[in-house]
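If you want the building blocks of each chain, they are given just below.
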Amino acid sequence: MGMENSVETKTPQDLAVEAGEHYQRGEFLIAANIFAAAENGFHLKEDHLNAAEMANNRSVAFLQAGRAQAALKAVTGTAEIFASQHDELRQAMAYGNQAAALEALKEYNAALQAYEASAELLKKVNADELRMDVMKSLSALQLKTGQSLQALATMQAGVDGLKKPKMKHHLLQRLLHVPAKLMNR
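All of the points below concern the structure found in this document. As the structure is a computational prediction, the values presented were derived from the model and not from experiment. (Residues numbered from 1 in each chain as written. Predicted model: local features only at pLDDT ≥ 70, side-chain atom pairs only at ≥ 80, totals over all residues. Heavy atoms only, no water.)

What follows covers the pattern of salt bridges. Inspection of the entire model under this criterion finds seven salt bridges. As a salt-bridge pair, Arg58 and Glu39 come within 2.9 Å of each other at their nearest N and O atoms. Here Glu39 lies in helix H2 (residues 28-44) and Arg58 lies in helix H3 (residues 48-64), a separation of 19 residues in the sequence. Exposure class is identical for Arg58 and Glu39. Each is buried. In this structure, the salt-bridge partner of Arg90 is Glu53, at a minimum N-O distance of 3.2 Å. Taken together, the residues span a long stretch of sequence, with Arg90 in helix H6 (residues 88-104) and Glu53 in helix H3 at a distance of 37 residues. (Salt bridge = Lys/Arg side-chain N within 4 Å of Asp/Glu carboxyl O. Helix = DSSP H or I, 4+ residues; strand = E, 2+ residues; numbered from the N terminus. Buried < 20%, exposed > 50% of the residue type's maximum accessible area, 1.4 Å probe, protein only.)

Shown next as structure tokens:
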């Protein structure tokens, strides 16, 4: 038996899977580094969409590791790459990742704008559950920045946007109508 296979060559796809496994185990910085290797591999193949996807994954991993500045740097420019290929779903996700990083950096106005851009695109592509998550984040940030009425309206819009609300969302829908009625007196 010779020493063939002594050097294992991993495709960017293999690296992405491996990074995902580290991420699932909570090894966020290791995952971020492997996502970066996958990103580079996709760039070498001139597959810029998947490279941008890896940059977004790296951003999420950095954010989970408490490295907001690195997260923002990783995601910056990816929304434009997705936009150039008319991939509105991934463009929306990129804006959401950017918003989360900006929020962690306390750059609240920029974060609010990025969440709104994400929600708008998610509405356009009918990704209702994802939009609900973004609307929750947007609403929470509006509350944090003293925009209580706006936060209520945002949450209302998020719940109303669900085509088949789950039980907990039905309850939330009913609860949100109470303050809305009181404000319209």
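Still to come is the rest of the account.
Looking now at unusual backbone geometry. Non-glycine residue Lys106 carries a positive phi angle of around 65°. Despite not being glycine, Asn126 has its phi angle at roughly 60°, a positive value. Topologically, Asn126 is positioned in the loop between helix H7 (108-124) and helix H8 (128-144). Residue class for Asn126 comes out exposed when judged on its relative accessible area of 52%.

Glancing now at a nonpolar patch on the surface. Side chains of Leu89, Met93, Val125 and Leu130 sit close together on the surface and give an oily, nonpolar patch of about 280 Å² of accessible area. Within the secondary structure, Leu89 sits in helix H6. The exposure class of Leu89 is partly exposed, given its relative accessible area of 38%. (Patch = residues over 30% accessible without salt bridge, like charges linked within 9 Å, V, L, I, M, F, W, Y side chains within 5 Å. Areas by Shrake-Rupley, 256 points an atom, 1.4 Å probe, with all protein chains shown as cover.)

The next subject is H8. Here H8 contains 17 residues, and its C-alpha end-to-end distance of 24 Å stays within 8% of the 24 Å for a straight helix at 1.5 Å per residue. Residue Gly146 follows H8 closely and has a positive phi angle near 80°. (Expected span 1.5 Å × (residues − 1).)

Tallied over the full model, the rule gives one aromatic pair. Between the aromatic rings of Tyr23 and Phe28, the centroid separation amounts to 5.1 Å while the plane-to-plane angle is 65°, which identifies the pairing as edge-to-face. Tyr23 sits in the partly exposed class, given a relative accessible area of 23%. (Phe/Tyr/Trp six-rings, centres within 6.5 Å; stacked < 30°, edge-to-face > 60°.)

Moving on to the nonpolar core. Of all hydrophobic cores here, the largest spans 38 residues; its most connected members are Met54 and Tyr115. Secondary structure elements with two or more residues in this core: helix H1 (12-24), H2, H3, helix H4 (68-75), helix H5 (78-84), H6, H7 and H8. A per-element tally of this core places H7 first, with seven residues. Ignoring any residue separated from it by four or fewer positions in sequence, one finds Tyr115 in contact with Gly96, Ala99, Ala100, Glu103, Val134, Ser137, Leu138 and Leu141. (Core = buried A, V, L, I, M, F, W, Y, C linked by side-chain atoms within 4.5 Å. Contact = heavy atoms within 4.5 Å.)

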